[in-house]
Amino acid sequence: MRSELPRQGLVRTLGWTALALVAIDVVLSFAFAMPESPREEPGLLQRYFDNGRSTEAKLRYLTRPTDAESAPILPRGWLDAGSRIGEPATRGPGERVLVAIYGMSHARRLGRAVQRVAPDVAVRNVTAPGATPNWSYAAWESDRGAHRADAVVLSILSLNVPMLAATAAATAQVDVAMPYTMPRYRLEAGGLRAVAPPFESLAGYRAAVREPERWRAWRDHLQEHDPFFHPAVFDASLLDHSTVLRAVRRGFASRLRGPRVAEAYDPATGFRSDSEAIQVLFALVRRFDAQARADGLVPVVYLVNSLGTGDSLYRVLSPVLEAGGVPTLSSHTVVRPDDPSGYLPDSHFLDVHDDSLARRLIEIVDRERGS
Amino acid sequence: MSFNSVAYLVFLVLVVAAVRLLGHRGQNRLLLAASYFFYAWWDVRFLLLIVLSSVVDFFCALMIDRGRVTSRERWTCGLWAVGAACLCVAVDWSALAQAGPLALLDPGRWLSLPFGAAVTAAVTGSMLLGGVLARPGETLPEPRRRRAFAALSLVSNLGLLGAFKYFDFFVSSAEAAAASLGFEPSGLRLDVVLPVGISFYTFQTLSYTLDVYRGRMRATDRYLDLALYVAFFPQLVAGPIERAAHLLPEIQRPRRIDGDQVVRGLQLLLVGLFKKVAIADGVAVTVDAVYGSGASPSWLELVVATGLFALQIYCDFSGYSDIARGTAKLLGFDLMRNFDLPYFSRSPREFWRRWHVSLSTWLRDYLYVSLGGNRGGRGRTLRNLMLTMLLGGLWHGAAWNFVLWGAFHGAWLCGHRLLAERRPPSPGRGVAGELLAWGACMLAVGYGWLLFRAESLAQIASFSGILFGDFGDLSFDARLPRFPAVAGIPLLVALEVLEWTRGEARAIDRLAAPLRGLVHASLLFVLVLGTSNDPAEFIYFAF
């Protein structure tokens with residue numbers, strides 16, 4: 001075989017292609033630049049083309065010197081008591097039951113539905129956007145003793161179960177960076193061990209943003225304890241300035257995530273009961289049940305089956321739930337997880353389904369309290 | 001190893017670089033080793049089937065053509081088959097990889113017993129028997145000898161295909177039929193995994209012995225050339241199904257790579273990956289949400305999902321073919337064009353001349369013609385057409401919906417043929433007539449895809465009911481396609497319209513250099529956006 005490379009044609013083709021790619025990059029970078037202020041809602045395409053920005057750059061964009069200038073999402077999801085201010089701690093006049101709900105936006109919607117269908121039931125909503133099961137559990141634990149609820153609800157979203165080992169919302173959800181943190185739970189010597197993040201409050205986070213030493217300590221913590229952390233995705237770099245290179249990083253992040261998710265979940269067969277995430281989830285559910293009962297509360301586990309995941313979360317957890325007699329509310333009994341018509345475009349349930357779930361929750365709580 | 005993986009990119013760069021350092025024969029040996037490595041990446045055990053297929057066809061073709069096999073050729077066949085049995089089945093590579101190199105000292109940890117030993121013994125026995133049988137074969141009169149060894153090739157190749165792909169399907173179908181009559185049969189099942197690409201390489205290797213049998217080409221006496229023809233990695237698992245008369249000479253003569261070939265190869269890789277990663281994987285969410293859901297979709301959801309599936313399967317499969325052709329070009333080979341703008345067709349005949357060309361021509365040349373083609377009057381022609389399409393449907397998968405899809409296309413082709421016979425020849429249909437013919441053709445193709453994609457016969461019945469009887473429901477709750485697909489579809493349409501209007505496959509190359517650069521850059525950019533889609537396996541790997 002005789003080689004005739006490099007040829008002029010090849011070089012010219014590659015040259016024009018590179019030049020055109022740079023032109024596309026420049027045009028898109030100007031046309032779809034993110035708004036100057038993080039309080040301004042970006043358009044769909046602005047958000048899309050920004051998605052591959054590094055986690056660090058996204059967080060720094062959201063975080064400004066004052067809360068008034070920063071993104072409204074910044075104060076959400078922190079595990080310290082500050083984020084629960086305003087939530088009822090006791091029953092009010094005319095209210096017969098107080099239910100505390102821990103979890104993600106589905107849990108918040110369930111709480112609102114409870115208030116819609118049963119005004120005599122008070123709800124303490126402790127939620128974070130996109131919360132993983134370890135966040136829900138940590139929220140319950142940190143909230144123990146801070147209220148006089150009659151029942152407590154631990155919410156678990158099937159889509160987020162594989163991310164149970166993530167220690168920050170920013171690593172669990174790459175596309176929408178949020179700064180709140182949570183502990184990582186590990187099974188050690190037959191028990192659960194929690195590894196706390198360096199900070200669990202907005203104040204702690206702000207200090208890390210201000211002080212490079214603290215930021216480095218957080219990054220080191222993520223590198224050591226968070227399997228969803230990757231320096232190429234997390235660290236700010238020159239790539240952040242190019243739309244094309246951001247898209248490359250987004251693709252890389254998505255490919256990186258696939259195998260991690262696959263360790264816990266297979267779309268064809270469902271959750272793998274022998275995976276670390278599911279084993280830890282079993283332990284969290286058992287401990288939640290035992291702690292709530294010890295506190296004299298009715299424990300309820302709320303399983304939110306995302307569209308396309310079937311009832312696999314219920315199937316994998318049901319042996320543990322049934323063995324422990326844990327009261328369970330699984331969304332698949334109300335909303336078919338394979339029928340898109342039961343879901344809103346943003347993946348939440350239709351209000352009518354949330355209302356049905358709320359009624360079932362109240363039935364469960366009343367039944368358990370009466371027994 | 002999938003074409004849309006980073007592993008393949010690394011593999012391709014290494015192979016292309018290594019090939020450039022070697023002479024012709026060295027290249028062929030390297031390409032054979034690379035092809036076996038490429039296949040073994042999925043499952044090393046099934047590599048044995050490819051080697052056995054190569055050995056049987058090498059042997060049979062020589063017996064058909066020359067009527068004898070030298071002892072050197074016999075030894076070559078035997079050693080390859082037995083060696084492959086030992087390495088692919090008798091050795092448990094995953095156990096060896098887990099246990100580490102020290103485990104080599106303890107064969108009990110990495111030998112697959114008793115299954116691997118049994119397969120190796122069976123292969124060794126078969127090779128010895130083959131050697132013994134060759135002697136009486138050599139003394140047969142020529143016509144009988146040629147028929148006997150063509151039959152041996154057919155039986156072995158189709159036997160492997162039948163065992164691995166169709167056995168369980170036919171047994172379970174027979175069981176279901178018996179159960180409906182009140183019997184309770186306890187069926188025998190093989191429960192084996194379908195080896196990737198078995199339908200493709202079986203047809204490819206069969207075409208070699210059949211062409212030798214028909215006197216269209218001479219049998220090769222170089223085993224490595226034939227082995228590379230059977231296993232050539234760019235087209236091994238999903239085609240194009242190359243004819244030996246085309247690919248073998250390319251293997252046998254020294255190849256030359258020039259700048260134009262590299263540009264064309266890279267361009268095909270880019271277009272192929274763009275189609276697969278950005279469009280096929282991008283629309284899959286909508287298609288799966290409708291077809292993979294147990295719920296009943298609205299009319300609009302069904303129409304959109306079926307239309308998107310038409311796009312998905314085209315981009316998935318033609319994307320694979322483009323990548324295969326691009327890869328081959330970088331290695332100095334020219335593979336056939338497998339898709340020629342099929343969605344511009346205006347009749348079923350035209351569609352099958354443009355869709356999966358390597359399969360449709362294979363079915364025409366080796367099945368339709370063998371059945372008698374159009375030589376026995378109208379009735380026989382229609383029967384042959386119907387049988388060819390039914391078997392073509394079944395080739396795609398061991399399921400009744402594929403048979404139904406084949407039957408639908410067969411009936412459509414027959415109907416079109418009958419209509420064409422009755423219609424007086426006309427000089428032209430005019431633009432409106434052409435558009436009408438195109439629209440009608442696409443509607444029929446689309447309904448065919450519904451049959452193809454459906455997950456059960458019950459779903460076909462239910463979806464057909466919605467399609468033909470529920471026009472009023474225009475609600476749409478299904479997931480929307482991903483952004484890269486939305487951005488990529490207009491680009492794809494523009495490229496295909498350009499090709500169609502200019503009437504040439506390399507229409508991009510006729511554009512001015514800056515505009516060509518812009519097209520390449522746009523494809524690359526949308527492809528990069530598509531890398532964040534959920535990656536899916538190529539659809540045709542399942543066939």
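Fair warning: this is a prediction, and the values are worked out from it, not measured in the lab.

Draft legend 1. Molecular detail of unusual backbone geometry. Residue and element names in this part refer to chain A. Of note, serine 347 is a non-glycine position whose phi angle comes to about 80°, a positive value. Topologically, serine 347 is positioned in the loop between strand S9 (328-330) and helix H13 (351-370). For serine 347, a relative accessible area of 43% gives the class partly exposed.

Draft legend 2. Main features of a nonpolar patch on the surface. There is a patch of nonpolar side chains on the surface, built from Val22, Val26 and Phe30 of chain A and spanning about 330 Å² of accessible area. Exposure remark for phenylalanine 30 of chain A: the relative accessible area of 70% places this residue in the exposed category.

Draft legend 3. Highlighting the pairing of strand S1 (residues 97-103) of chain A. Residues and elements named next belong to chain A. Taken across its seven residues, S1 has seven buried, putting it largely inside the fold. Residue alternation in S1 divides its side chains into two sets, Val97, Val99, Ile101 and Gly103 and Leu98, Ala100 and Tyr102, and both sets are buried. The pairing of S1 with strand S2 (residues 121-127) spans seven bridges and is parallel. Looking across to S2, one finds that glycine 103 is bridged to threonine 127. Since S1 and S2 lie parallel, the crossover through helix H4 (residues 105-117) that links them has a hand, and here it is right-handed. Relative to strand S3 (residues 151-157), S1 runs parallel, the two sharing four bridges. Bridging from a neighbouring strand, isoleucine 101 pairs with valine 153 of S3.

Draft legend 4. Quick look at the packing of helix H17 (residues 430-453) of chain B against helix H18 (residues 457-469) of chain B. Residue and element names in this part refer to chain B. Relative orientation of the contacting elements H17 and H18 amounts to 150°, with a least axis distance of 9 Å. With respect to H18, the axis of H17 lies roughly antiparallel. The two elements H17 and H18 cross, and the hand of that crossing is right-handed. Every residue of H18 that contacts H17 at Tyr447, Leu450 and Leu451 is listed here: Ile460, Phe463, Ser464, Leu467 and Phe468. Partitioned by chemical class, the residues of the contact of H17 with H18 number seven nonpolar, one polar and no charged.

Draft legend 5. How the structure looks around the sheet that holds S1 of chain A. Residues and elements named next belong to chain A. Ordered in space as S2-S1-S3-S8-S9, the five strands form an open sheet in which the pairing is parallel. Of all the strands in the sheet, just S2 and S9 have a single pairing partner and so form its edges. Each neighbouring strand pair of the sheet contributes to a mean axis angle of 20°, computed without reference to strand direction. Set on the sheet, H4 makes contact with S1, S2, S3, strand S8 (298-304) and S9; between it and S2 the angle comes to about 165°. Each of S1, S2, S3, S8 and S9 is contacted by H13, which is oriented at about 155° to S8, the strand it contacts most.

Draft legend 6. Fine view of the interface of chain A and chain B. Between chain A and chain B, the residue contacts involve 33 residues of the former and 38 residues of the latter. A buried area of about 3,100 Å², summed over both sides, lies between chain A and chain B, and 65% of it is on carbon and sulfur atoms. Scanning the region where chain A abuts chain B turns up zero salt bridges. At the surface where chain A touches chain B, the tally comes to four residue pairs in polar contact (both at pLDDT 80 or more). Every element with two or more residues in the side of chain A that touches chain B is listed here: helix H1 (8-31), helix H2 (44-50) and helix H10 (243-264) of chain A. If one sorts the elements of the side of chain A that touches chain B by residue count, H1 of chain A sits on top with 10 residues. For the side of chain A that touches chain B, the class distribution of residues is 16 nonpolar, eight polar and nine charged.

Quick notes on the rules
- Residues numbered from 1 in each chain as written.
- Chains lettered and ligands numbered in written order.
- Predicted model: local features only at pLDDT ≥ 70, side-chain atom pairs only at ≥ 80, totals over all residues.
- Heavy atoms only, no water.
- Helix = DSSP H or I, 4+ residues; strand = E, 2+ residues; numbered from the N terminus.
- Buried < 20%, exposed > 50% of the residue type's maximum accessible area, 1.4 Å probe, protein only.
- Patch = residues over 30% accessible without salt bridge, like charges linked within 9 Å, V, L, I, M, F, W, Y side chains within 5 Å.
- Areas by Shrake-Rupley, 256 points an atom, 1.4 Å probe, with all protein chains shown as cover.
- Salt bridge = Lys/Arg side-chain N within 4 Å of Asp/Glu carboxyl O.
- Pairing = 2+ DSSP bridges.
- Right-handed = clockwise from strand over helix to strand, strands pointing away.
- Axes fitted to C-alpha atoms, helices over the stretch in contact; angles between N-to-C directions.
- Parallel < 35°, antiparallel > 145°, perpendicular 65-115°, else oblique.
- Left-handed = near helix turned anticlockwise from the far one by under 90°.
- Contact = heavy atoms within 4.5 Å.
- Nonpolar A, V, L, I, M, F, W, Y, C, P; charged D, E, K, R; others polar.
- Buried area = accessible area lost by both parts, 1.4 Å probe.
- Polar contact = N/O pair within 3.5 Å; in protein donor to acceptor, adjacent residues only side chain to side chain.

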